[in-house]
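Structural characterization, general
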Amino acid sequence: MPGSHSAKDIHKQIICSTPPACSSRAAAFTELQPLMANPDPPTERDDSPVDRDPEQPGPRNQQRARACFLKALSYFSGDMKVFGKWMERQFFLLQLLDWVLRGAAQVMFVNNPLSGLIIFAGLILQNYWWALNGFVGTLFATISALILQQNRGAIASGLYGYNGILVGLLMAVFSDKGDWYWWLLLPNIFLSMMCPIVSSALASINSRWDLPVFTLPFNILVCLHIVATGHYNHYFPQVLIQPRTELPNITWADIDVSRLFMSVPVGVGQVYGCDNPWTGGIFIISLFISSPITCAHAVLGSAVGMVSGLALAAPFGDIYFGLWGYNCVLACIAIGGMFYALTWQVHLLAIACAFFCAYLGSAIANMMSTFGLPSCTWPFCLSALTFLLLTTGISTIYKLPLAKVTYPEKNLRYYWKLKKQEKIQMADKERIESEEEQKQVKEEMMVNEKDQLRQKLERLEEQRSAGEASDDKDEETRVKSHPPAVKLLGTEDIRHNDLTQVTVADSV
């Protein structure tokens, strides 16, 4: 019948449109799948020698020279990783010296033995006795960490020595006995060996929020020593610290501009308790060797402290002496690329932290002077910890995990690599979503085609059934409309039978 052949063709089309596909369109989609999985397929130009670019030795030589320069620079800048690996194969005393030098530099967040050596040179320029106490404090703090079996990687990075050098230096600075009072080495050694204990205890608390301990052990132990001894002590008398009781005489005409500018390197030197501008300049050079970003933020922080002292009507002598700068130096370094990946937003945040630290430093100095105590680096610790606990929706203000913190340049490379991976992941996610959407659209199209074919098949089946019904009705109508032909046919049969009987009878 006319409808049966069309129904078979439609069934065949439905079967061919379902996966696995047997039509040319499905085969073409199957062939395109490898290209969809690889967004950068090879082109014909890559294989043709005509379209290939000629070799350019100039850029390659520049890249090779740049790589050699960066490799040579890494031998003495940054964290001197190659030197550290070489030092692991040396004998113990040489390793211990490397750890002590790194501990001296870690006060400025620098993990570089060359910077530590230059810093000790600056301390010797300032005062031999102070330099000796600083070296003893760093040495015994490191030895104490070894005895307590602290993390060897942290010891090798100097993280257990920097509080020791500050304890040794500031005990010598605040001692009222003057230089070369050898008995001072006894409390120096004892309190320096306490530094790893206090550091480990504080780290167990701060690690819950992924925060460093900074110089909190130094602040605690030096204040403990000063309170325990005081100014009126036979063996270890301290410098008398008293609050200001009268209004300072500030006349802008008396300001010394040259000393005001010299207060910037002096503020950097006051991180180690040094008031010599040449010593501060040596410290700046040591920072520049390891990290130019750290050096820039150290100078910027000291300048912010100087400006803040002028804005808060501080005595000019305190500003010249660098007392307004050293906490701001540490705060600006910590926020400006050390624990945050450096962006222009983070740079502004570091400046804000330095101003906040200067304001907080004035408040803490006034408060602690009533108890005869110096402010030490309490303002830096409190302000930096406050800014590290900051929560913000700005994606460019990214706080680095404490385990990934090295030095600002390397931190920045880690941040760029992380952002690049995020972009790749986002692109892959968008590509997968687009592929899924395309797949859904194709599935919907196939479903719609199937529905249309089924509807067409149903209509053809209905037409076929309707045609069969109409044929049956026509046949019935034709039979009913011709009954005499049937009766005549019966009469002829009877006559034929009678004739046959008569013929048989005659023959008999």
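Scroll up to find the structure this text is about.
Attention in this report is confined to the structure presented alongside it. Keep in mind it's a predicted model, so treat the numbers as computed, not measured. (Residues numbered from 1 in each chain as written. Predicted model: local features only at pLDDT ≥ 70, side-chain atom pairs only at ≥ 80, totals over all residues. Heavy atoms only, no water.)

1. Describing the packing of helix α17 (residues 326-338) against helix α19 (residues 378-388)
Any two packed helices are characterised by how steeply their axes cross, that is the angle between the axes, and by the distance between the axes. Stated formally: Orientation is described by axes fitted as lines to C-alpha atoms, over the contacting stretch for helices, and by angles from 0 to 180 degrees between their N-to-C directions. Secondary structure counts use DSSP, requiring at least four H or I residues in a row for a helix and at least two E residues in a row for a strand, with both numbered from the N terminus. Throughout, the term roughly parallel applies to angles under 35 degrees, roughly antiparallel to angles over 145, roughly perpendicular to angles from 65 to 115, and oblique to all others. In this scheme, a crossing is called left-handed if the near helix is turned counterclockwise away from the far one by less than a right angle; it is called right-handed if the turn is clockwise. Residues count as neighbours in contact if any of their non-hydrogen atoms are within 4.5 Å of one another.
Where α17 contacts α19, the two axes come as close as 8 Å, and the packing angle between them is 25°. In terms of their interaxial angle, α17 and α19 are classed as roughly parallel. Both α17 and α19 take part in a crossing whose hand is right-handed. Taking contact as the criterion, the partners of N327, L330, A331, A334 and I335 in α17 are, on α19, W378, P379, F380, S383, A384, F387 and L388.

2. Section: the side chain of Q126
Note on placement: Q126 falls in helix α7 (residues 113-126). Setting aside chain neighbours within four positions, we find Q126 in contact with C274, D275, N276 and T279.

3. Looking at the packing of helix α6 (residues 92-105) against α7
Selection rule: When residue character is reported, Ala, Val, Leu, Ile, Met, Phe, Trp, Tyr, Cys and Pro are called nonpolar, Asp, Glu, Lys and Arg charged, and the others, Gly included, polar.
Two numbers describe how α6 lies on α7: the axes approach to 7 Å, and their chain directions differ by 75°. One finds that α6 runs roughly perpendicular with respect to α7. When α6 is examined against α7, the residues D98, V100, L101, R102, A104 and A105 are found in contact with a partner set consisting of P113, S115, G116, L117, I119 and F120. Each residue belonging to the contact of α6 with α7 can be placed in one class, and the counts come to 8 nonpolar, 2 polar and 2 charged.

4. Here's the deal with the pattern of salt bridges
Just so we agree on the cut-off: Here, a salt bridge means any side-chain nitrogen of Lys or Arg that lies within 4 Å of a carboxyl oxygen of Asp or Glu. Classification of residues uses two cut-offs on accessible area relative to the type maximum, computed with a 1.4 Å probe and protein chains only: under 20% is buried, over 50% is exposed, and between them is partly exposed.
Scanning all chains against the criterion turns up 7 salt bridges. One salt bridge connects E461 with R464, and the closest N-O pair in it is separated by 2.6 Å. Of this pair, E461 and R464 are both found in helix α20 (residues 408-481), 3 residues apart, which corresponds to roughly one turn of the helix. On the accessibility criterion, E461 (29% relative accessible area) is partly exposed. Taken together, the shared-partner salt bridges in this structure form one network comprising D428, R431 and E435.

5. Some details on α19
Most of α19 sits inside the fold, with 8 of its 11 residues counted as buried. Within the sequence span of α19, burial applies to P379, F380, C381, S383, A384, L385, F387 and L388. Looking at the buried residues of α19, the elements they touch are α12 (216-229), α17 and α18 (344-369).

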